[in-house]
Amino acid sequence: MMGKDAHAVKVRADRCTGCTRCMQSCPTEAIRVKEGLAIINAARCIDCSQCIESCPFDAHSIDSGSLEDIKNFKYTIVIPAITFAAQFSGGPKIDVLCSALRKLGFDLVFSEGLAVDYLKDRVREIVVNNQVKKPIISSHCPAVIRLIQTKYSSLIDHIMPTGSPVDIAANMARNLIKEKYGYSDSDIGVFYLSPCPARITNVVNPIGMQESAINVTIPIKDVYGDVLRILSGMKEPVSEFSNCMKPENLPWAEVGGQAKMSGVDNYIAVSGIHEVAKVFDQIEMGELDEVDFIEASSCTGGCVGGPLNIENPFVAQRNIRRLAENSSQGYFQMIDSVLAQFKHIYLTEEISPKQTNILDEDFTKAIEKMKQIEEITSRLRGLDCGSCGAPNCRALAEDIVQGKARMEDCVFYQEQQHLWRLEDESE
Ligand code: SF4
Ligand code: SF4
C-alpha cells in the first residue's frame, strides 16, 4: 500500500455481514454498506480503529509487514512502541525483553522512549514560549491529526510542530547505524512494532514529513507469541545491545503522560476519538482558550488502548508504572554521544486540510447541490437508522445528490411509495 489515500484498515468481505455497526461508529462517516458489505472511503478514513473495535464479526484486517521482511536488509533495527513492554504482565526486565526481540532476528533494539528525552523539553519550550496558537494540540497521535485535517481544519494552526517519538527515534537509529557501521540507507531496515493501524498508515502515507524513516511495520500482537516463547527460556539479557528502552520514559504512552513528562500543568488529556471530537468542538467555539495544551489520543486510555496490543489497557498501565519504577536506568551508552547532536525533531511538511466534502469544483453547481441535499434531507424521516447503508439521513441525501445512492435505498421512502401505489390502485 502506498499513496496519499493508503490506509492500513481493510474490510474482510468473507466475514463482513453488512450489520452496519462499523458505519455507525465511524467518526468521519467514511463507511457505507452496499449489498451487505461495508466499504471504506479511503479519502475520509483517519485510521482511528473504531470500526475494528465495534465489529462483532472480526471482519477487518490490517495491511502490515511481517518478520519475513527482515531478510530484505543487511542491518535491521526494531523500534518497539512504548506500549510493547507493557504487554508482558509476568514482569520480564526491560533488558531481557530487548534481548528477546534481538533473538527474533533484529540487530538492534531502539526505543521510542529514547526520543522522548529530546521531545519533552521541546514540548515544554513551545508551550511556555507561546510558539503555537493555544490550546496547543499534541502531534503524537496520527489518527487525531487526520481528524483535524478532515473535520477541524480551523485547528491546524494549533498542532504541536514536533514529530512523534517513533518518527524521531527512527531517524536517530538510522543516523546511529550509518555513522557507526557505514551502511547506506537502503541497507538498513527500520521495523516498528505498532499498537495501532494509525501508525502503520503513517509510514506509507505520512503526515507532516516527506517520507518515513521506517521501512516495515508489524502489529505488536503478531510478534507477541514469538517473544513470549523466547522469554520462557531466557532469564538474563544476551548482549550489550540489550537495554535500549529507557523505562523512565514509558509513562509517555499513558493518558496525561506527555503533559506530565513535559512539565506542562495547564492541560487537558482526552482519549477516545469521539471524546476528542467533543473537545475539538469546544476549542472551535472558543471555550478552551485558557488551556495551554491538549493531549489527545484516538484510543481510549491512550496508546495502551491501541487495538494491536494484547494486554488489557488498564493492566498495561499498571505494568508501565511498575517497569518505570523498577527497571534499571542504564542503556546502551554509545547512543548518547550520537544522539547528543540529533536535532531533527520538527515536522518538515505543512499539514493541510483534507477536502473530503467538496460537492462540486464549480461554485454555482456546489450551491445548487447543497440546496438539493437540504431538500432531500427534509423529505427523509430523520431517524438516522442506517438501514439505507449510510450513517444518517443527511449522508444519504448527500450520496443521492452525488449519484452514489437512490431515494429507494431508504426503507421508509420505499414503504411510502408502496402505500401510495396501493392507494392509486384502490381508486
Ligand atoms: S478506521 Fe476509523 S475512520 Fe477509518 S473507516 Fe474505520 S472507523 Fe472510519
Ligand atoms: S492513541 Fe496511540 S495507539 Fe491509538 S491511534 Fe493514536 S497513536 Fe495509535
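Above: the structure in question.
Keep in mind it's a predicted model, so treat the numbers as computed, not measured. (Residues numbered from 1 in each chain as written. Chains lettered and ligands numbered in written order. Predicted model: local features only at pLDDT ≥ 70, side-chain atom pairs only at ≥ 80, totals over all residues. Heavy atoms only, no water.)

1. As for the nonpolar core
Looking at soluble globular proteins, one finds that nonpolar side chains tend to be buried together. Condition: To define a nonpolar core, start from buried Ala, Val, Leu, Ile, Met, Phe, Trp, Tyr and Cys residues and group those joined through side-chain atoms within 4.5 Å. Think of it in three bands: with a 1.4 Å probe and only protein chains considered, a residue is buried below 20% of the maximum accessible area for its type, exposed above 50%, and partly exposed in between. Note on contacts: a residue pair qualifies if any of its non-hydrogen atoms lie within 4.5 Å across the two residues.
Counting residues in each nonpolar core, the largest one holds 70 residues, and the members touching the most others are Ile77, Ile79, Phe84, Phe110 and Val227. Excluding anything up to four places from it in sequence, Ile79 contacts Phe110, Ser111, Glu112, Val166, Ala169, Ala170, Val190, Phe191, Tyr192 and Leu193. Of all hydrophobic cores here, the second largest spans 28 residues; its members include Cys141, Ile148, Ala198 and Ile294.

2. Remarks on the site of ligand 1
Here is the rule we go by: By convention in this text, a residue qualifies as near a molecule or strand provided that one of its non-hydrogen atoms is within 4 Å of it. All residues other than Ala, Val, Leu, Ile, Met, Phe, Trp, Tyr, Cys, Pro, Asp, Glu, Lys and Arg, Gly among them, are scored as polar; the first ten of these are nonpolar and the last four charged.
Taken together, Cys26, Thr28, Ile31, Ile40, Cys45, Ile46, Asp47, Cys48, Ser49, Gln50 and Cys51 are the residues near ligand 1. Taken together, the residues of the shell around ligand 1 sort by class into seven nonpolar, three polar and one charged.

3. A word on the site of ligand 2
In the vicinity of ligand 2, the contacting residues are Cys141, Pro142, Pro195, Cys196, Ala198, Arg199, Ser297, Ser298, Cys299, Cys303 and Gly306. A per-class count over the shell around ligand 2 returns seven nonpolar, three polar and one charged.

4. Notes on the sheet that holds strand 10 (residues 267-271)
What counts, and what does not: Note on pairing: DSSP must find at least two bridges between two strands before they are called paired. Numbering goes from the N terminus for both helices and strands, where a helix is a DSSP run of H or I of at least four residues and a strand is a run of E of at least two.
Ordered by their spatial adjacency, three strands build an open sheet running 7-11-10, and the pairing between neighbours is parallel. In this open sheet, the two strands that pair with only one neighbour each are strand 7 (136-137) and strand 10.

5. Description of the side chain of Thr83
As a reminder of what qualifies: Side-chain atoms alone can form a polar contact between residues adjacent in sequence; in general such a contact is a pair of N or O atoms within 3.5 Å, and within protein one must be able to donate a hydrogen while the other accepts it.
Relative to the helices and strands, Thr83 is located in the loop between strand 5 (75-80) and helix 3 (94-103). Within the structure, Thr83 has its side chain in polar contact with the side chain of Asn309 (distance 3.1 Å). In contact with Thr83, not counting residues within four places along its chain, are Pro195, Ile220, Ala253, Cys303, Val304 and Asn309.

6. A look at the packing of helix 5 (residues 142-151) against helix 10 (residues 273-284)
Under the convention used in this document: Angles shown run from 0 to 180 degrees and are taken between the N-to-C directions of axes, each axis being a line fitted to C-alpha atoms and, for helices, limited to the stretch in contact. Any angle from 65 to 115 degrees is called roughly perpendicular, while one under 35 is roughly parallel, one over 145 is roughly antiparallel, and all others are oblique. For any helix crossing, the convention is left-handed if the near helix is rotated counterclockwise from the far helix by under a right angle, and right-handed if that rotation is clockwise.
Axis separation between helix 5 and helix 10 bottoms out at 11 Å; the angle between their running directions is 45°. Between helix 5 and helix 10, the crossing angle belongs to the class labelled oblique. You can see that helix 5 and helix 10 cross each other, and the crossing is right-handed. Counted together, Ala143, Val144, Leu147 and Ile148 of helix 5 and Ile273, Val276, Ala277 and Phe280 of helix 10 form the full contact between these two elements. Of the residues assigned to the contact of helix 5 with helix 10, the class counts are eight nonpolar, no polar and no charged.

7. Looking at the packing of helix 13 (residues 363-379) against helix 14 (residues 393-401)
Taken N-terminus to C-terminus, the directions of helix 13 and helix 14 make an angle of 130°; their axes are 9 Å apart at the nearest point. If you check the angle between helix 13 and helix 14, you find them oblique. Crossing of helix 13 against helix 14: the hand is right-handed. Contacts from Lys369, Met370, Gln372, Ile373, Glu374, Ile376 and Thr377 of helix 13 reach helix 14 at Arg394, Ala397, Glu398, Ile400 and Val401. In terms of residue class, the contact of helix 13 with helix 14 is built from six nonpolar, two polar and four charged.

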